[in-house]
Amino acid sequence: MQDVTHGYFNPFFSHIYIEERVCGHPRAKAILAKYPSAQVVEIGHYKDVFCRTRQSHALQQRSQSLILAAKEGELLYKGAPVCQDFGYPYFYYTSCVMNCVYNCAYCYLKGMYPSANIVIFVNIEDIFGRVQQILKRHPLYLCVSYDTDLAALEPVAGYAREWSRFVENQGGRLTVEIRTKCASKHFFAPKPPAHGVIYAFTLSPQPAIDAYEQYTPSLQERVLCAAWAVKAGYAVRLCFDPMLYIPGWEYEYGRMLDMVASQIPMEKLVDASIGSFRIPQDYLKRMRRQEPDCAAVWFPFQRDHGVCHYPDGLMGQMEGYLFRRLKEKMPEEKIFLWGPGQLV
């Protein structure tokens, strides 16, 4: 990652907070070595900094600090109803990093966390240990990049490759999804693709990216990276999720899909997902305070079982359109849809 400044703000990671108990951890030392000019502050617990009151996401996002900590308590969580399980009976996720270097206006993390600073839990080996305990009981489908973009943080944490190496030693019982908007090949393992790792690229029409996905690569850059990964033999999923209600949405999503299919061999994809924007209502309340001028979060959503989403008619129209167009280009059984029925 490059140091980036925005006006009078400090560069990213100019300040690094580190829990005293992880100061000697090899991974913490390796990360600190990448930022020799950073001001390092020792703290007792990451929440002393991360959970302070009256923090501004908007200001912190322009000059993010890094917090190095140890993960405690529950290390794996069962997948939430707003997420797709892709047909896996044992669907879990984990958070080895909290928050993201990108600044998507509609991102639920703005409603979930009180801070925009990034926390890296350096004790990933403890998460690995918990995964192995569960694998003794049953196979596992594990999403490791929901609360961050691990691929975008690969130069800092190296966790995409860590997960790739770990999966190889689990006898085919573990499937890991790494979801990303990154377009750099540096997060792929520097050896043949690991069986059991799915690289899931989130794609949006370029007008949606321009309006709502600050700092992210363009659609063309993401598609080129996904196409390279498919041709190199990696397991690739395309995520048209969340679909956003933007001006001319039908034209823009159709044009995007035509461009994707012209560059990616669709028959070689693992699968694809479609899901319109939805978010827990409590998160949305907090997001609206953080994004007072963002049309994407101020839409008059419908609420079902504590989740806000587009009205049923519009949601069905949007998801149905993309589903029909997508099944022209790949087998229908490889297309997964999200719907409000999952919330019941």
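Cut-offs and rules
Residues numbered from 1 in each chain as written. Predicted model: local features only at pLDDT ≥ 70, side-chain atom pairs only at ≥ 80, totals over all residues. Heavy atoms only, no water. Helix = DSSP H or I, 4+ residues; strand = E, 2+ residues; numbered from the N terminus. Buried < 20%, exposed > 50% of the residue type's maximum accessible area, 1.4 Å probe, protein only. Contact = heavy atoms within 4.5 Å. Arc of directions from axis to C-beta. Pairing = 2+ DSSP bridges. Axes fitted to C-alpha atoms, helices over the stretch in contact; angles between N-to-C directions. Core = buried A, V, L, I, M, F, W, Y, C linked by side-chain atoms within 4.5 Å.

Tell me what's going on with the overall build of the protein, and back it up with residues and numbers.
The number of helices and strands found in the protein is 12 helices and 18 strands. When the backbone C-alpha atoms are referred to their principal axes, the protein occupies close to 55 × 50 × 35 Å. For the protein, the residues scored as buried account for 58% of the 344 residues in total. Long-range contacts, defined as pairs at least 24 residues apart, comprise 75% of the intrachain contacts of the protein with a sequence gap of at least 6.

Would you mind going over helix α11 (residues 281-290) in detail, with residue names and values included?
Within α11, burial applies to Gln281, Leu284 and Met287. Taken around the axis of α11, the buried residues stretch over an arc of 110°, which confines them to a single face. Away from its buried face by more than 90 degrees, α11 exposes Lys285 and Arg289. For α11, the elements touching its buried residues are α4 (109-112), β15 (278-280), β16 (302-304) and β17 (307-309).

With reference to specific residues and values, describe the sheet that holds strand β6 (residues 97-98).
Strand order in the open sheet formed by five strands is β2-β1-β3-β8-β6, with mixed pairing between adjacent strands. The sheet is open, and its two edges are formed by β2 (39-43) and β6, each paired on a single side. When strand β1 (residues 15-19) meets strand β3 (residues 66-69), the two strands line up parallel, connected through three bridges. Bridging across to β3, Ile18 finds its partner in Leu68. Across the face of the sheet, helix α1 (residues 26-33) comes into contact with β1, β2, β3 and β8 (118-121) while running at roughly 160° to β3.

I'd like a rundown of the nonpolar core, residues and numbers included.
Among the nonpolar cores identified, the biggest contains 117 residues, and Ile120, Val131, Leu142, Trp163, Phe201, Leu238 and Ile264 are the most heavily contacted of them. Not counting residues within four places of it along the chain, the set of residues in contact with Val131 comprises Leu76, Leu140, Leu142, Trp163, Phe166 and Leu174. Counting nine residues, the second largest nonpolar core, distinct from the first, contains Val82, Phe86, Tyr93 and Tyr141.

Account for the side chain of His57, naming residues and giving values.
You can see His57 is positioned in helix α3 (residues 57-61). Ignoring anything within four residues of it in the chain, the contact list for His57 reads Leu109, Lys110, Tyr113, Pro114, Ser115, Ala116 and Gln290.

If you had to explain the sheet that holds β16 to someone new, which residues and values would you point to?
If you walk across this open sheet you meet the three strands as β15-β17-β16, and the pairing is antiparallel. Every other strand in the sheet has two partners, leaving β15 and β16 as the edge strands with one partner each. Here the strands of the sheet are splayed against their neighbours by 30° on average, with no regard to which way each runs. Relative to β17, β16 is paired through three bridges, and the arrangement is antiparallel. In the strand pairing of β17, Asp304 is matched with Val307. Here α11 sits on the sheet and contacts β15, β16 and β17; the angle it forms with β15, its principal contact strand, is near 95°.

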